[in-house]
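Structural overview for review
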Amino acid sequence: FTSKGHEKLSAVSTYTVLEDVYAEVLIYKNLLTNYNKPNQGTLAYSSKKILFSNPGYHTIQIDNPVSLIPDEIFSVVIRFSNEADVLYVAAEYEETTNIYSSKPRQGYVDTSGTNSYWADMTSFVGWDNVCIQAFTECDHLACEVVTPSTCEANGFALTYCLQCGKELDAYETA
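Okay, so let's go over this structure. (Residues numbered from 1 in each chain as written. Predicted model: local features only at pLDDT ≥ 70, side-chain atom pairs only at ≥ 80, totals over all residues. Heavy atoms only, no water.)

Before going further, it helps to spend a moment on the sheet that holds strand E11 (residues 132–138). Two orientations exist for strands paired in a sheet by backbone hydrogen bonds: parallel and antiparallel. Overall, antiparallel pairing links the three strands, which are arranged E5-E1-E11 in an open sheet. Here the strands that pair on one side only, and so sit at the sheet edges, are strand E5 (56–68) and E11. For this sheet, the mean angle separating the axes of adjacent strands, direction not counted, is 20 degrees. Strand direction decides the pairing type here: strand E1 (residues 7–16) and E11, joined by seven bridges, are antiparallel. Looking at E11, one finds that Glu7 is bridged to Cys138. (Pairing = 2+ DSSP bridges. Helix = DSSP H or I, 4+ residues; strand = E, 2+ residues; numbered from the N terminus. Axes fitted to C-alpha atoms, helices over the stretch in contact; angles between N-to-C directions.)

Below, the structure is given as structure tokens:
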């Protein structure tokens, strides 16, 4: 993934296709330049194991959001496990619909189970990408106080974020 601005990574989502699957979320920053090993970087976040009793779509809140800077490349690694030691990874398949697409170096699967052999999903014929989504929100680091004439005339000033445009504060100046 690549951040668009000053952001906080606050949640990730994925699918499970079996019952009673455990997941552990790891977020890495400062990845090596080839990006083909999503776990070779600085570990910025590691969750506890989470149990998904039922298959389906799951959103995992990041209890300590990860700060990102503009154009920062980061990875979200999800380690799945279960008692049977048999797992299926939810992935987009090109024959199911034409809306999925991926490029090399976007999604990887560790086929060894040891975090040592990462295979690019585009190397498997017909498969597009793993189903992982990262959710960010503006970090509001680029803020400015403005007192437009309409506000100033009424004795008010505004603080807003230059990146997302959100009004953060309004207060009296007089």
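This part is about the packing of aromatic side chains. Within the structure shown, the criterion is met by two aromatic pairs. With 5.5 Å between their ring centres and 20 degrees between their planes, Phe1 and Phe74 make a pair best called stacked. Here Phe74 lies in the loop between E5 and strand E6 (75–81) and Phe1 lies in the segment before E1, a separation of 73 residues in the sequence. Overall, the relative accessible area of 41% leaves Phe1 in the partly exposed class. Residue Phe74 is classed as buried on the basis of its relative accessible area of 3%. (Phe/Tyr/Trp six-rings, centres within 6.5 Å; stacked < 30°, edge-to-face > 60°. Buried < 20%, exposed > 50% of the residue type's maximum accessible area, 1.4 Å probe, protein only.)

Its place among the elements puts Thr16 in strand E1. Taking the relative accessible area as the measure of exposure, Thr16 reaches 5% and is therefore buried. Polar side-chain contacts of Thr16 include one of 2.8 Å to the side chain of His58. Excluding residues that lie within four positions of it along the chain, Thr16 makes contacts with Val21, Phe52, Asn54, Pro55, Gly56, His58 and Phe80. (Polar contact = N/O pair within 3.5 Å; in protein donor to acceptor, adjacent residues only side chain to side chain. Contact = heavy atoms within 4.5 Å.)

Just distances and angles here, no functional claims.
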